[in-house]
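Read off the chains here:
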Amino acid sequence: MFTPPPPLFRTPNVDRLCKEGIKLTQHISAEAMCTPSRAAFLTGRYPVRTGMVSRNSRRPCSVFNSLGVHGGLPRNETTFAATLKKHGYSTALIGKWHQGLNCKYRNDHCHHPNHYGFDYFYGTPHTLSFSCKPDSTHDTELTLASKLWFCMELIIIAVLTLTVGKLTHLVSVNWLFIICIIFFGFLVAFFWFFSFQNSMYWNCILMRQQEIAEQPMKAERAGTIMMNEAVSFIKRSKDRPFLLFYSLLHVHVPLPTTNEFIGISNHSFYGDNVEEMDFLVGKILDSIDANGLTNNTIVYFTSDHGGHLEAMRGRVHVGGYNGIYKGGKGMAGWEGGIRVPGIIRWPGMLTAGKVIEEPTSLMDIYPTLAALVGATLPQDRVIDGRDLMPLLKGEVQHSEHEFLYHYCGPFLHAVRWHPKNSDAIWKVHFVTPVFHPKGAIGCYDTLFCPCVGENVTHHDPPLLFEISRDPSEYKPLSRDNEPIYDTVIKTVKRALKKHRKTLTPVTEQLTLYNKDLIWLKPCCGVFPFCLYPF
């Protein structure tokens, strides 16, 4: 008798969504990195159109590197939140933003979610990084910092008191003594500040609206706090139309996980974090049910890119797994970087348990929501997404996306073609990253694969795969084994030429405005004593 092995991790709530909703098996993100993918999701437009791209050969520069940069999603872009807000919806973003924050000084908040249609924001304006992972060293630094701030307050009071006493002749003290105290205070501030070069203090923060709630945030409990915020928003909004973008910090390195979930999975740190993510999703679904909103609430579940193959903690892999799909995070052409979960639930309106294998995109959410509320999409720009409802309801059987363009920053790497009146789906690769070390399945020497430069291969003729038959992109086709090879390549090149004519020059935010500037870093106290709560 054969007993199957236990699952690596359990996701009963995501599984429940699949059973009660529609599963999109070829759901595609517009990029393979957080910032550009999220910009496309919010606006329904390729990142190359909004300027949320970077020409830097270093792939980490394809996202905003810190809260000290002055780039962000351009204010003239329209998001689905802004459109729904105009149609009477209460809107909230709870969780990760990563679309910029400040422009000229640390409190101008020119790229805050409030300016993009979100009435309420609670979460991190940046993202998670390895520096956000708490440890005993950070706890010690925080304790010392609070003591140093208290010392600084005493020094300031002492200097003011002695100066006033000296000027009014109430205290007999030498000016040199006062100057020495002032100099000592500057030394304390200077050395304390330079001990805070760790980005945890400047980037790993929580904000409520435009006020800092925690600096640095306690990452392991941030997910629970955000879940409670989301539940609270649902409860207070239940009697009016609302939009909630619940942007989980899970599942992202450094995988901060509460003690209750540590060690419960069969897949180490990553599995534990996935199971906690599923628990949080379950709490949101329970809140929708408890408030009597199940049948008139659309729930959409997805990710902004594939798993990060190269992310390791020691010898333990912590970046996720992309199954049969080649590549991962940062690889904008291979399926593993851009094919993401897609689940949509709307009880009574959409058939439960249905599976759709047609190509769909995160960019489709904006036009879908706009159509549902009767809004007109902006007419002064190209919207690349398509209304999903006809496909979801079964009114049409074929995706409106005949072509999808896969960009790595501003550089086009691949094109997907789904011919009309055909079940075939072709994928043409013009550029692919060079994996290293030799024989690896990712770019382990650099953590991220580049978009351009000596570590990419330009294919002429291009690589061709039939994704509908070979989703793992294992066997490239050629003139020798595919009769319509030339037809596919010519058709894709013709479509690409037409597509490029629709692009207009824009300022590339991640190329020009991604430099870390100290005066833009958020601070909840008197700079550089930026700690809250103590």
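Fair warning: this is a prediction, and the values are worked out from it, not measured in the lab.

Participant: How do you make sense of the overall build of the protein chain when you look at a structure like this?
Facilitator: A count of helices and strands for the protein chain gives 14 helices and 16 strands. Scaling as 2.2 N^0.38, a compact globule of 534 residues should have a C-alpha radius of gyration of about 24 Å, and the protein chain matches this with 26 Å. Principal-axis analysis of the C-alpha atoms places the extent of the protein chain at approximately 100 × 65 × 55 Å. Counting across all 534 residues of the protein chain, residues that qualify as buried make up 55%. Counting every atom, the protein chain has about 24400 Å² of accessible surface; 58% of that belongs to carbon and sulfur.

Participant: Looking at this structure, how should I read the packing of helix α1 (residues 12-20) against helix α9 (residues 268-290)?
Facilitator: When two helices pack together, their arrangement is given by the angle between the helix axes and the distance between those axes. Running from N to C, α1 and α9 point in directions that differ by 55 degrees, and their axes come no closer than 7 Å. Taken together, the axes of α1 and α9 lie oblique to each other. Every residue of α9 that contacts α1 at Pro-12, Asn-13, Val-14, Arg-16 and Leu-17 is listed here: Met-277, Asp-278, Phe-279, Val-281, Gly-282, Leu-285, Asp-286 and Asp-289. Partitioned by chemical class, the residues of the contact of α1 with α9 number seven nonpolar, two polar and four charged.

Participant: Looking at this model, I keep getting lost on unusual backbone geometry. Mind explaining?
Facilitator: Among all residues save glycine, negative phi is the norm, and among peptide bonds the norm is trans. Between Gln-215 and the following residue, Pro-216, the backbone shows a cis peptide bond with an omega angle of -5 degrees. Tracing the backbone shows Pro-216 in the loop between β5 (211-214) and α8 (219-237). Cis geometry marks the peptide bond from Val-253 to Pro-254; its omega dihedral reads 10 degrees. Along the chain, Pro-254 turns up in the loop between β6 (242-247) and α9. One non-glycine residue, Asn-421, adopts positive backbone phi at about 60 degrees. With respect to the helices and strands, Asn-421 occurs in the loop between β14 (411-417) and β15 (426-433).

Participant: Explanation requested: the sheet that holds β14 in the structure shown.
Facilitator: By way of backbone hydrogen bonds, the strands of a sheet pair with one another, either parallel or antiparallel. Overall, antiparallel pairing links the four strands, which are arranged β13-β14-β15-β16 in an open sheet. Two strands close off the open sheet at either side, each with one partner strand: β13 (403-408) and β16 (456-466). In this sheet, neighbouring strand axes are inclined to one another by 20 degrees on average, regardless of whether the strands run parallel or antiparallel. Pairing geometry for β14 and β15, over four bridges, is antiparallel. Residue pairing for β15: Trp-417 is matched across the bridge by Trp-426.

About the criteria used
Residues numbered from 1 in each chain as written. Predicted model: local features only at pLDDT ≥ 70, side-chain atom pairs only at ≥ 80, totals over all residues. Heavy atoms only, no water. Helix = DSSP H or I, 4+ residues; strand = E, 2+ residues; numbered from the N terminus. Rg over C-alpha atoms; globule rule 2.2 N^0.38 Å. Buried < 20%, exposed > 50% of the residue type's maximum accessible area, 1.4 Å probe, protein only. Areas by Shrake-Rupley, 256 points an atom, 1.4 Å probe, with all protein chains shown as cover. Axes fitted to C-alpha atoms, helices over the stretch in contact; angles between N-to-C directions. Parallel < 35°, antiparallel > 145°, perpendicular 65-115°, else oblique. Contact = heavy atoms within 4.5 Å. Nonpolar A, V, L, I, M, F, W, Y, C, P; charged D, E, K, R; others polar. Pairing = 2+ DSSP bridges.

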